[in-house]
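The primary structure of each chain is shown beneath.
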Amino acid sequence: MTENLTFRRARREDLAALVDLLHDDEMGRTREDNTRPIRREYVEAFDAILRDGNQFQLVVESAGQVVGTMQISIVPGLARLGARRGHLEGVRVHNAHRGTGVGQRMFEWAIQYCRERGCYLVQLTTDKTRTDAHRFYERLGFTASHEGYKLIL
């Protein structure tokens, strides 16, 4: 199933499918809104991502359907001798494609994307309750090296 995947930058016509992916998740159903028409907040955020050269909204397609997405942010920094970081956010695989290798291929693609842009490391955050995701990330070589904190504004 994973041999026919296409990886590309998201386009405006993908936005509804991306919002559906964000919503199609136990936590996503409590914080996302996939009603139509697409909410203005999603449109504005998507436009901001497209305008920012350090942002890449990945779309993964299989047979012409969007089956995965993630936002890749290239973060310049002073720490670690001016190292760039690749930050992965909003990682989702369509529920019908979970466990098929799509997620692994997405991460391989994203890590290579970051490597080609001179990143020293790739990082992500994940909710503490997502134990399946933790095992998946560890299998890919990620380590839970830091404790993360958030402040909702």
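Residues numbered from 1 in each chain as written. Predicted model: local features only at pLDDT ≥ 70, side-chain atom pairs only at ≥ 80, totals over all residues. Heavy atoms only, no water.

(A) Structural view of the pattern of salt bridges. Evaluation of the coordinates by the stated rule reveals 14 salt bridges. A salt bridge links R130 to D25, with the nearest nitrogen and oxygen atoms 2.9 Å apart. Of this pair, R130 sits in the loop between β5 (119-124) and α6 (131-139) while D25 sits in the loop between α1 (15-23) and α2 (28-31), placing them 105 residues apart in sequence. Classification of R130 as partly exposed rests on a relative accessible area of 22%. D25 sits in the buried class, given a relative accessible area of 10%. Several salt bridges share partner residues, and in doing so they unite D33, R39, R40, E41 and E44 into one network. (Salt bridge = Lys/Arg side-chain N within 4 Å of Asp/Glu carboxyl O. Helix = DSSP H or I, 4+ residues; strand = E, 2+ residues; numbered from the N terminus. Buried < 20%, exposed > 50% of the residue type's maximum accessible area, 1.4 Å probe, protein only.)

(B) Summary view of the sheet that holds β5. The five strands lie next to each other as β1-β2-β3-β4-β5, forming an open sheet whose pairing is mixed. Bordering the open sheet on either side are β1 (5-9) and β5, each of which pairs with just one other strand. Direction aside, neighbouring strands of the sheet carry axes that sit 25° apart on average. Here β1 runs beside strand β2 (residues 55-62); their pairing, made up of five bridges, is antiparallel. Bridge pairing in β2 places T6 opposite E61. Contacting β2, β3 (65-75) and β4 (84-93), α1 runs over the sheet at an angle of about 85° to β3. In this fold helix α5 (residues 102-116) packs onto β1, β2, β3, β4 and β5, with an angle of close to 30° to the strand it touches most, β3. (Pairing = 2+ DSSP bridges. Axes fitted to C-alpha atoms, helices over the stretch in contact; angles between N-to-C directions. Contact = heavy atoms within 4.5 Å.)

(C) The nonpolar core, seen in detail. Grouped together as the largest cluster of nonpolar side chains are 25 residues, with contacts concentrated most on V60, M70, I72, L88, M106, F107 and Y137. Only β1, β2, β3, β4, α5, β5 and α6 provide two or more residues apiece to this core. At seven residues, α5 tops the list of elements feeding residues into this core. Membership of the second largest hydrophobic core comes to nine residues, among which are A10, L15, L21 and V66. (Core = buried A, V, L, I, M, F, W, Y, C linked by side-chain atoms within 4.5 Å.)

(D) Geometry of the environment of T129. When you line up the elements, T129 lands in the loop between β5 and α6. Measuring from C-alpha to C-alpha, the distance between T129 and M27 comes to 9.9 Å, with 102 residues separating the pair along the chain. Of the polar contacts made by the side chain of T129, one reaches the side chain of D127; its length is 2.6 Å. (Polar contact = N/O pair within 3.5 Å; in protein donor to acceptor, adjacent residues only side chain to side chain.)

(E) Main features of α1. Every buried residue belonging to α1 is among L15, L18, V19, L21 and H23, and all of these are buried. Buried-residue contacts for α1 involve α2, α3 (40-51), β2, β3 and β4.

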